Amino acid sequence: MENEQIIDLVKKVAEERNEIAFSEIFDFIAPKINAYYIKNNLGTELAEELTQEVLSTIWIKAGLFNSEKSKFITWSFTIARNKKIDFYRKNQKNVSNDDVRDFLYENNESNDFEIESTINKITEDLDQNQKKLIKMSFFEQKSHKNIAAELEIPLGTVKSRIRHILTKMQRLL
């Protein structure tokens, strides 16, 4: 299916809640996402469950898709990856950075040394305050509002600092 076709279908879902368009999207993307989960050793039943969650999210958030920022398939797999991380975090006690890294990159063709050196480079380039903000936001899953209150800094400052850190990290990747 061509990207333009998918964009049109997503617009129909977002604007009209068109179930037929969603059915076509479902038929196109569900097998790919399901295969992604199975490839990552999540098991058939769990893969199907997470795939359903991803498609539900696509239905609900279709209006947030921006074809100028990414392709639909990339957006969909970002949702799938986030669902995988959420599942992992909810079902593990005392998750370490190494556990998350291992989980995200298992069955990945990337060179482990390359991944490790990139992560180390990012870690070295962040100062203590930046590391603290990232930890609070992504590992402790605190809202920006709660981080602002806890650190006694304005909400806008928290948001802009986190955005700056993520941009910096992205450049290093």
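Residues numbered from 1 in each chain as written. Predicted model: local features only at pLDDT ≥ 70, side-chain atom pairs only at ≥ 80, totals over all residues. Heavy atoms only, no water.

### Side note on the overall build of the protein
Scanning the protein from N- to C-terminus turns up 9 helices and 0 strands. Along its sequence from the N terminus, the protein presents helices and strands in the succession α-α-α-α-α-α-α-α-α. Within the protein, contacts between residues at least 6 apart in sequence are counted, and of these 56% link residues at least 24 apart. Surface exposure of the protein reaches about 11500 Å², of which carbon and sulfur atoms provide 48%. (Helix = DSSP H or I, 4+ residues; strand = E, 2+ residues; numbered from the N terminus. Contact = heavy atoms within 4.5 Å. Areas by Shrake-Rupley, 256 points an atom, 1.4 Å probe, with all protein chains shown as cover.)

### Notes on helix α2 (residues 19-39)
Side chains of residues three or four places apart in an α-helix project in the same direction, reflecting 3.6 residues per turn. With 21 residues, α2 should cover 30 Å at 1.5 Å per step; its first-to-last C-alpha distance of 29 Å lies within 8% of that length. For α2, the set of buried residues is Ala 21, Phe 22, Ile 25, Phe 28, Ile 29, Ala 30, Ile 33, Asn 34 and Tyr 37. On its buried side, α2 packs onto α1 (3-16), α3 (44-61) and α4 (72-90). Between the side-chain oxygen at the start of α2 and the backbone nitrogen of Ile 20 there is a gap of 2.9 Å, and the oxygen is on Asn 18. Count one or two residues on from α2 and you reach Asn 41, which has phi positive near 60°. (Expected span 1.5 Å × (residues − 1). Buried < 20%, exposed > 50% of the residue type's maximum accessible area, 1.4 Å probe, protein only. Polar contact = N/O pair within 3.5 Å; in protein donor to acceptor, adjacent residues only side chain to side chain.)

### Section: a negative patch on the surface
Residues Glu 45, Glu 48, Glu 49, Glu 53 and Asp 86 make up a contiguous surface patch of negative charge. Tallying contributions element by element places α3 first for the negative patch, with 4 residues. Structurally, Glu 49 is set in helix α3. A relative accessible area of 46% means that Glu 49 is categorised as partly exposed. (Patch = residues over 30% accessible without salt bridge, like charges linked within 9 Å, V, L, I, M, F, W, Y side chains within 5 Å. Salt bridge = Lys/Arg side-chain N within 4 Å of Asp/Glu carboxyl O. Lys, Arg positive; Asp, Glu negative; His and termini not counted. Charge placed at Lys NZ, Arg CZ, Asp CG, Glu CD.)

### Some thoughts on a nonpolar patch on the surface
Nonpolar side chains collect at one region of the surface, where Phe 138, Phe 139 and Leu 166 lie side by side and expose about 260 Å² of accessible area between them. Relative to the helices and strands, Leu 166 resides in helix α9 (residues 155-172).

### A word on unusual backbone geometry
Of note, the phi angle at Gln 141 is positive, near 55°, even though the residue is not glycine. If you trace the backbone, Gln 141 turns up in the loop between α7 (128-139) and α8 (144-151). The backbone phi angle of Glu 152 is positive, close to 55°, even though this residue is not glycine. Structurally, Glu 152 can be placed in the loop between α8 and α9. In this structure Glu 152 comes out as exposed when scored by relative accessible area, which is 72%.

### Regarding the nonpolar core
One finds Ile 29, Tyr 37, Ile 58 and Phe 72 to be the most contacted residues of the largest nonpolar core, which totals 26 residues. Elements with a contribution of two residues or more to this core: α1, α2, α3 and α4. No other element matches the 8 residues that α2 contributes to this core. Counting 11 residues, the second-largest nonpolar core is a separate cluster that includes Ile 122, Ala 148, Ile 162 and Met 169. (Core = buried A, V, L, I, M, F, W, Y, C linked by side-chain atoms within 4.5 Å.)

These results come straight from atomic positions and should not be treated as a statement about function.
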